[in-house]
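So you can see what is in the structure, the chains are spelled out below.
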Amino acid sequence: MDLLLINGPNLNLVGKREPSIYGSQTLDEIQDDLFTFASQLGAKLKCFQSNSEGDMIDCIQKSVGSIDGIIINAGAYTHTSIALRDALLGVAIPYVEVHLSNIYSREEFRHKSFLSDKALGLVSGFGSNSYRLALQGIVNYLKQV
């Protein structure tokens, strides 16, 4: 089972940027933990981060035929990008939306996601554990299909 984790804009600053909201673990530390966890679950994980919407779309499109499931934290693009939504729907690869913070307890503009209504699930608000929960969820789903 091959999985892809996509992290969007400013997530490369996790661990430094607003640690009271996003935590003190860096993205590399989170990903290292997820590589180990994925292996324990019998999955392989590839990770991608970009501040560019176009690069994220290219990554999604290139995953056809090689990726079984996607975990995506689109960052601010969650709330603005119809193009990311269209890319995810276009490749028809199951995906889980994930956020470090609880987007519904924050500013009103963060309450709208262009991705969540078509996602298998949404994990939000558990810090770095949100990624582990999303990984567990998509692996369980893929084992059943």
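Residues numbered from 1 in each chain as written. Predicted model: local features only at pLDDT ≥ 70, side-chain atom pairs only at ≥ 80, totals over all residues. Heavy atoms only, no water.

Trainee: How should the overall build of the protein be read in this particular structure?
Mentor: Secondary structure assignment for the protein yields five helices and five strands. Across the protein, helices and strands are ordered from the amino to the carboxyl terminus as β-α-α-β-α-β-α-β-β-α. On C-alpha atoms alone, the protein measures out to a radius of gyration of 14 Å, which is about the 15 Å that the 2.2 N^0.38 rule sets for 145 residues. The C-alpha extent of the protein, read off along each of the three principal axes, is 35 × 30 × 25 Å. (Helix = DSSP H or I, 4+ residues; strand = E, 2+ residues; numbered from the N terminus. Rg over C-alpha atoms; globule rule 2.2 N^0.38 Å.)

Trainee: Looking at this structure, I do not really get a nonpolar patch on the surface. What am I missing?
Mentor: Taken together, the side chains of Leu120, Tyr141 and Val145 define a hydrophobic patch exposed on the protein surface, amounting to about 280 Å² of accessible area. Structurally, Leu120 can be placed in the loop between β4 (95-99) and β5 (121-124). Overall, the relative accessible area of 39% leaves Leu120 in the partly exposed class. (Patch = residues over 30% accessible without salt bridge, like charges linked within 9 Å, V, L, I, M, F, W, Y side chains within 5 Å. Areas by Shrake-Rupley, 256 points an atom, 1.4 Å probe, with all protein chains shown as cover. Salt bridge = Lys/Arg side-chain N within 4 Å of Asp/Glu carboxyl O. Buried < 20%, exposed > 50% of the residue type's maximum accessible area, 1.4 Å probe, protein only.)

Trainee: Just checking my understanding: could you explain the packing of helix α3 (residues 53-62) against helix α4 (residues 82-91) for this structure?
Mentor: Each packed pair of helices is defined by two parameters, the angle between the axes and the distance between the axes. In contact at an axis separation of 9 Å, α3 and α4 are set at 5° when each is read in the N-to-C sense. Comparing their axes, α4 and α3 come out roughly parallel. The segment α3 lies against α4, with Glu53, Met56, Ile57, Ile60 and Gln61 engaging Ala83, Leu84, Ala87, Leu88 and Val91. Partitioning the contact of α3 with α4 into residue classes produces eight nonpolar, one polar and one charged. (Axes fitted to C-alpha atoms, helices over the stretch in contact; angles between N-to-C directions. Parallel < 35°, antiparallel > 145°, perpendicular 65-115°, else oblique. Contact = heavy atoms within 4.5 Å. Nonpolar A, V, L, I, M, F, W, Y, C, P; charged D, E, K, R; others polar.)

Trainee: How do you make sense of α4 when you look at a structure like this?
Mentor: Since the α-helix advances by 3.6 residues per turn, residues separated by three or four positions end up pointing in the same direction. The set of residues buried in α4 consists of Leu84, Arg85, Ala87, Leu88 and Val91. The arc enclosing the buried residues of α4, seen along the axis, measures out at 160°, which places them on a common side. The elements touched by buried residues of α4 are α3, β3 (69-73) and β4. Two or three places before Ala83, at the start of α4, stands the capping residue Ser81, its side-chain oxygen 3.4 Å from that residue's backbone nitrogen. With its phi angle positive at about 55°, Ala92 sits one or two positions after the end of α4. (Arc of directions from axis to C-beta. Polar contact = N/O pair within 3.5 Å; in protein donor to acceptor, adjacent residues only side chain to side chain.)

Trainee: Help me out: how do you make sense of the pattern of salt bridges in this one?
Mentor: Close approach of charged atoms allows side chains with opposite charge to pair. Within this structure, the stated rule accounts for two salt bridges. For the salt bridge of Asp117 with Arg85, the shortest nitrogen-to-oxygen distance reads 2.5 Å. Pair noted here: Asp117 is in the loop between β4 and β5 and Arg85 is in helix α4, with a separation of 32 residues, a long-range link. For Arg85, a relative accessible area of 18% translates into the label buried.

Trainee: Whenever I open this one, the environment of Lys118 confuses me. Can you help?
Mentor: Among the structural elements, Lys118 can be located in the loop between β4 and β5. Here Lys118 falls in the partly exposed class, since its relative accessible area comes to 46%. Put simply, Lys118 and Arg85 are 33 residues apart on the chain and 8.5 Å apart in space, counted from C-alpha to C-alpha. Setting aside residues no more than four positions away along its own chain, Lys118 makes contact with Arg85, Leu89 and Tyr95.

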